[in-house]
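Residues per chain, in single letters:
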Amino acid sequence: MNWQQRDKQVIWHPYTQHQSSQLPITIVRGEGTCLFDEYGNKYIDAISSWWVNIHGHSHPYIAQKVYEQFCTLEHSIFAGFTHPPAITLAERLLAILPNNQQKVFYSDNGSTAVEVALKMAIQYWVNRGEKRPKILALKNAYHGDTFGAMAVSGRSAFTQAFDELLFDVEFIDLPTAENLESLKSKVYSLRSQLAAFIFEPLVQGAAGMVMYEAALLDELLQHCKQCNIITIADEVMTGFGRTGKLFAMHHVHQQPDIMCLSKGITGGVMALGVTTCSEPIFEAFLSSDYTKTLFHGHSFTANPLACAAALASLDLLLADTCTTQIAGISTRHTAYKAKLESNKAVAQVRTLGTILAIELKSDETTNYFNSMRDKCAAFFIPKGILLRPLGNIIYVIPPYCITEQELDAVYTAIDEFITFVID
């Protein structure tokens, strides 16, 4: 039995069941920007394997640090215990996050980081003796696949089987210069009911890398603060350099009460979730009354190996070399954007930091299931490039170590796709 036969028999692959019976590609090795399959074919990982890998695959420095930790302590219960990697990581994260973030809560992925944030916000008001039954969120948001995270995400084909079971959420449009005042009025009218406002800062990833202005977010957050509404920044995708700064919230002046981190936190080598909060949020749970405890925990909370990987990734991220890499990708994306904007097949090009999104014109509804998606996949894989379009939106979010030659290869392939497939 070969790898593909085994794979077909035993593994249920996410988001592929609607496609043909073609077997998934079996990846056996990663190095730098590239992945290699069982036949030796090489693929430039232009989407960082679902936005997680920031320094390249099988990075020797991260691997060495994880190995050293493995030889010391692979795991320990975290309830009533702690360990040096978790302590050091918390200290180093708080040093680079917005300065009102004072406490760190560990979990194990992006969805659970969001779940923790929602529970913190809702129970904050319960502990204070107030009823705040609703959450405010942006339309078309994506915050994860667990129930709380789905509830605050936009209703779509991904949630429809569960819509009746999801808690009620007030959704608002992305802020624009034209609608900002009406959004503020709606928030004001709901202020006594809203426990929190959760948002993806500046970029809505799964919605199609939809971007909005920092100044407008800033004003909306300031209004929420004036209305005494907790703000939750979901930086699972945007964190750790993706937007050109360490965190998307560094583009705005207002500081969130709670932040959610995952994906790139370990350099993309293993799962880890972090939820941070301000001191006032934390203080609402300090009590001799056990019912005010935040009852949330996971078997692998603050796993020492994951913390070691995150510490090693931070070493690389904060080095001057990485800062230069991020700036270089941002500059090249901007130049490529200018080239594409006059293309008659392109509806819009968006870029921020290392994120590039190309929205192609289509007669179909613009969504994840647009047939352009399958055309893209069929076109790029044979060229040795991994792109996973969101319907008719091609996006590039590469590891920071991508070379100029590799990025040129990605741009050239996109040009060819637009010319020979779209035209």
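That block above? That's the structure.
Residues numbered from 1 in each chain as written. Predicted model: local features only at pLDDT ≥ 70, side-chain atom pairs only at ≥ 80, totals over all residues. Heavy atoms only, no water.

Visitor: How should I be thinking about the nonpolar core in this particular structure?
Guide: Note on soluble globular proteins: their nonpolar side chains tend to be buried together. Counting residues in each nonpolar core, the largest one holds 90 residues, and the members touching the most others are Phe197, Met209, Phe380 and Ile414. Examining the composition of this core, we find that 7 residues originate from one element, helix H13 (residues 404-422), more than from any other. Listed in part, the 32 residues of the second largest apolar core include Trp125, Ile230, Val236 and Leu294. (Core = buried A, V, L, I, M, F, W, Y, C linked by side-chain atoms within 4.5 Å. Buried < 20%, exposed > 50% of the residue type's maximum accessible area, 1.4 Å probe, protein only. Helix = DSSP H or I, 4+ residues; strand = E, 2+ residues; numbered from the N terminus.)

Visitor: Quick question: what am I supposed to make of the environment of Thr82 here?
Guide: By secondary structure assignment, the location of Thr82 is in the loop between helix H3 (60-70) and helix H4 (84-96). Using a relative accessible area of 47% as the deciding quantity, one classes Thr82 as partly exposed.

Visitor: Looking at this structure, I do not really get the pattern of salt bridges. What am I missing?
Guide: Any two side chains of opposite charge can pair, on the condition that their charged atoms come close. On inspection of all chains with the given rule, the structure shows 16 salt bridges. Linking Lys134 and Asp168 is a salt bridge whose minimum nitrogen-to-oxygen distance equals 3.6 Å. Placement of the pair is Lys134 in strand E5 (residues 134-138) and Asp168 in the loop between helix H6 (147-151) and strand E6 (169-172), with a sequence separation of 34 residues. By relative accessible area, Lys134 is classed as buried at 17%. Between Glu219 and Lys184 there is a salt bridge; the shortest N-O distance is 3.0 Å. On the criterion of sequence distance, the pair formed by Glu219 in helix H8 (residues 214-226) and Lys184 in helix H7 (residues 180-190) is long-range, its members being 35 residues apart. Its relative accessible area of 30% is what places Glu219 among the partly exposed residues. Among the residues examined, Lys184 registers a relative accessible area of 14% and is labelled buried. (Salt bridge = Lys/Arg side-chain N within 4 Å of Asp/Glu carboxyl O.)

Visitor: I tried to follow unusual backbone geometry on my own but got confused; where do I start?
Guide: Excluding glycine, residues mostly have negative phi values, and the peptide bonds linking residues are mostly trans. With phi around 65 degrees, Trp50 is a residue other than glycine that occupies positive phi space. Within the secondary structure, Trp50 is located in helix H2 (residues 48-51). The exposure class of Trp50 is partly exposed, given its relative accessible area of 34%. In this model, Ala302 sits at a positive phi of 55 degrees, which is unusual for a non-glycine residue. With respect to the secondary-structure elements, Ala302 resides in the loop between helix H9 (279-283) and helix H10 (304-317).

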